[in-house]
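Listed below are the residues making up each chain.
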Amino acid sequence: MESAQTPNQPGRLIGGAGQRQVQLPLAKAFSIAMQNIRVRFWRSMITAAGVMLGIAFLGATFGQSIIEENTPVKNAQGLSAQQAQIQKEEAKTRQNWLVSMSLIVCTVGIANSMFMSVTERFKEIGTMKCLGALDSFIVTLFLLEAGFLGVIASFIGFAVGFLGGVLMKIFQLGPEALEYLPPLRAIQSLGISVAAGVILTVLATVMPAMKAAKLPAAAALRSEI
Amino acid sequence: MSAGSGHEWIVRTKGVVKEYTMGGQTLRALKGVDLDVRRGEYISLMGPSGSGKSTLFNMIGGLDKPSEGNVFIDEVDMAQLDAAELAYLRCRRIGYIFQTFNLIPVMTALENVTLPMIFAGVPSDASAEKGMQLLKVVGLGHRYHHKPTELSGGQQQRVAIARSFANDPALILADEPTGNLDGKTGTEIIELLRTMNKDRGVTVISATHDLKMVDVSDRIVYISDGQIERIENREDIKISLGEMHGSGGLAH
């Protein structure tokens with residue numbers, strides 16, 4: 001097919017003229033990845049729910065802490081400006097701590113659901129290798145699948161969590177809570193949450209997929225889940 | 001067609017040893033196997049489970065690497081191939097059939113059959129057309145849009161056979177292809193493999209302990225305890241059967 005452009009190397013491999021490479025066009029890889037999500041819809045949704053919950057928790061923490069940070073400290077108890085400032089600093093530290101904790105929780109949640117979803121497909125990976133897939137094909141397929149799931153789940157998770165967090169603050173402080181929510185900070189936290197969700201999802205999928213792809217095909221085929 | 005088609009031997013193994021380390025103990029699954037397979041032959045690897053026949057199957061198919069010794073496909077040492085060349089070999093030159101069928105569960109019968117053609121760079125239309133043609137050959141043309149879970153074991157194995165022939169391989173490796181099937185379906189699968197072997201001149205190597213395989217094999221390689229115990233030609237078996245007036249001669 002492409003023998004005009006790519007002259008054959010002196011025959012190391014059986015098979016003779018023409019292409020010596022196996023291939024997986026990106027469009028095809030994309031359609032296979034989407035099919036994987038569609039056909040295993042409920043399994044994919046459960047996996048995605050793991051990501052969603054993690055990011056929702058992160059989003060809720062963000063929503064609340066942004067408002068808390070920007071709520072003026074009421075001077076009813078007659079605190080000095082300095083004391084008020086200290087109180088605010090403490091609140092900020094507490095919020096940072098909460099955000100970090102929720103990040104850890106969502107990392108563990110996402111890693112767990114993605115690891116499982118790859119492990120149960122080791123045999124499929126072994127089969128693909130027997131059919132001529134390169135390790136990179138397998139990684140590409142899982143990358144596309146995880147990327148897509150990660151983006152969707154992170155957006156939904158953030159929307160749910162952030163709104164929930166803000167609503168709780170509105171109940172607590174009244175509608176003026178919204179005044180203490182700078183749009184820029186909201187967008188920033190959206191960016192951080194979605195990035196965290198996608199990166200974690202992709203890492204937690206691609207790492208075990210890579211490991212499985214590197215195994216000898218026989219070992220991947222043997223694995224029973 | 002291929003540069004190597006002039007060679008008489010399609011597969012040669014030389015002193016193949018495979019060791020597994022399990023819990024600190026070394027297990028020698030293969031203890032030096034020399035086997036030469038002619039182009040177009042139908043070979044059965046016979047032996048009880050644990051005899052090493054599946055391990056040998058994996059070595060010949062390039063699914064695992066021998067600890068010692070070499071496997072040659074078309075006189076090319078597999079150990080010399082890089083990952084891309086090995087993938088090419090698996091894609092274009094070897095077709096695999098497994099006891100557990102190993103179809104991709106999310107794909108339809110037709111998509112399963114066309115997957116190796118995608119990897120081989122065959123355009124979609126051409127691969128769909130050929131996929132349908134292969135499914136018709138195995139008698140499943142009408143079920144092309146069904147998923148593996150909607151097919152019986154025998155039907156799944158037929159799809160797997162169609163898939164193994166997708167890129168017109170020179171060699172079909174079948175690991176216990178009838179192991180998960182009932183007797184009648186098993187016979188049908190064996191006959192299908194034999195027909196494909198005769199019609200297409202493809203070499204078939206099948207690991208099995210199904211005695212029905214003996215009838216169709218050109219040679220039977222008996223494997224025991226990681227070694228070749230003996231090799232029988234079918235003609236010889238027929239003669240011995242004739243002399244014995246019965247099938248008792250098979251039960252070695």
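Residues numbered from 1 in each chain as written. Chains lettered and ligands numbered in written order. Predicted model: local features only at pLDDT ≥ 70, side-chain atom pairs only at ≥ 80, totals over all residues. Heavy atoms only, no water.

Some thoughts on the overall build of chain B
The secondary structure content of chain B amounts to eight helices and ten strands. In chain B, which comprises 252 residues, the proportion classed as buried is 58%. For chain B, the share of sequence-separated contacts (at least 6 apart) that also reach a separation of at least 24 residues comes to 70%. (Helix = DSSP H or I, 4+ residues; strand = E, 2+ residues; numbered from the N terminus. Buried < 20%, exposed > 50% of the residue type's maximum accessible area, 1.4 Å probe, protein only. Contact = heavy atoms within 4.5 Å.)

Looking at the packing of aromatic side chains
Residues and elements named next belong to chain B. On inspection of all chains with the given rule, the structure shows four aromatic pairs over all chains. With a centroid separation of 6.3 Å and an interplanar angle of 10 degrees, the aromatic rings of Y96 and F98 are classed as stacked. Across the pair, F98 and Y96 agree in class, each one buried. The aromatic ring of Y222 is capped on one face by R230, whose charged end is 4.0 Å from the ring centroid. (Phe/Tyr/Trp six-rings, centres within 6.5 Å; stacked < 30°, edge-to-face > 60°. Lys NZ or Arg CZ within 6 Å of the ring centre and 35° of its normal.)

Observations concerning the interface of chain B and chain A
Counting from both sides, the interface comprises 37 residues of chain B and, opposite them, 34 residues of chain A. In total, about 3,300 Å² of surface goes out of reach between chain B and chain A, with carbon and sulfur atoms giving 65% of it. Contact with chain A buries area across many residues of chain B, yet Y88, V106 and F119 of chain B alone supply 23% of it, more than any other trio. Taken together, the links from chain B to chain A amount to zero salt bridges. Our count for the contact surface shared by chain B and chain A stands at six residue pairs in polar contact (both at pLDDT 80 or more). Its residues assigned to classes, the side of chain B that touches chain A comprises 22 nonpolar, seven polar and eight charged. (Buried area = accessible area lost by both parts, 1.4 Å probe. Salt bridge = Lys/Arg side-chain N within 4 Å of Asp/Glu carboxyl O. Polar contact = N/O pair within 3.5 Å; in protein donor to acceptor, adjacent residues only side chain to side chain. Nonpolar A, V, L, I, M, F, W, Y, C, P; charged D, E, K, R; others polar.)

Notes on the pairing of strand β6 (residues 94–97) of chain B
All names here are of chain B. Side chains of β6 alternate between two faces, with I94 and Y96 and G95 and I97 buried alike. Here β6 pairs with strand β7 (residues 171–175) via four bridges, running parallel. Paired with I94 across the strands is L171, a residue of β7. (Pairing = 2+ DSSP bridges.)

Some points on the pairing of strand β1 (residues 9–22) of chain B
Residue and element names in this part refer to chain B. Bridge count between β1 and strand β2 (residues 25–38): eleven bridges; the pairing is antiparallel. Bridged to K18 within β2 is L30. Across five bridges, β1 lies against strand β4 (residues 68–73) in antiparallel orientation. By the bridge assignment for β4, T13 is matched with V71.

Some points on a nonpolar patch on the surface
All names here are of chain A. A contiguous nonpolar patch, built from F148, V151, I152, F155, I156 and V160 and spanning about 490 Å² of accessible area, is present on the exposed surface. With respect to the helices and strands, the residue V151 is situated in helix α5 (residues 135–173). You can call V151 partly exposed: its relative accessible area is 34%. (Patch = residues over 30% accessible without salt bridge, like charges linked within 9 Å, V, L, I, M, F, W, Y side chains within 5 Å. Areas by Shrake-Rupley, 256 points an atom, 1.4 Å probe, with all protein chains shown as cover.)

Things to note about the nonpolar core
L45, L63, L171 and I205 of chain B are the most contacted members of the largest nonpolar core, which totals 35 residues. Beyond its immediate sequence surroundings of up to four residues, L171 of chain B is in contact with I10, V11, I60, I73, R93, I94, G95, V202, T203 and I205 of chain B. Core analysis: the second largest hydrophobic core is formed by 33 residues, M34, V139, V198 and V202 of chain A among them. (Core = buried A, V, L, I, M, F, W, Y, C linked by side-chain atoms within 4.5 Å.)

So, the sheet that holds β4 of chain B
Ordered in space as β2-β1-β4-β5 (chain B), the four strands form an open sheet in which the pairing is antiparallel. The sheet is open, and its two edges are formed by β2 and β5 (76–77) of chain B, each paired on a single side.

So, the layout of surface pockets
Of the volumes computed, that of the largest pocket is approximately 750 Å³. Looking at the largest pocket, it is lined by 31 residues, and the ones nearest its centre are R222 of chain A together with S54, T55, N58 and D175 of chain B. Of the residues assigned to the lining of the largest pocket, the class counts are nine nonpolar, 13 polar and nine charged. Here the second largest pocket is characterised by a volume of approximately 430 Å³. (1 Å grid on protein atoms, 1.4 Å probe; cavity = no way out; pocket = protein on both sides within 12 Å on 5 of 7 lines; lining within 4 Å. Points joined across faces, edges and corners; volume = space filled by probe spheres on them.)

Quick look at the sheet that holds strand β8 (residues 203–208) of chain B
Residue and element names in this part refer to chain B. With mixed pairing, the six strands of this open sheet are ordered in space as β6-β7-β8-β3-β9-β10. The outermost strands of the open sheet, each flanked by one partner alone, are β6 and β10 (227–233). The average angle at which neighbouring strand axes cross in this sheet is 15 degrees, direction not considered. Two elements, β7 and β8, share five bridges in a ladder whose sense is parallel. Bridging across to β8, A174 finds its partner in S206. Strands in contact with helix α1 (residues 53–60) are β3 (42–46), β6, β7, β8 and β9 (219–224); relative to β7, the strand with the most contacts, it is inclined by about 150 degrees. Strands β6 and β7 of the sheet are contacted by helix α2 (residues 83–93), whose axis makes an angle of about 75 degrees with β6. (Axes fitted to C-alpha atoms, helices over the stretch in contact; angles between N-to-C directions.)

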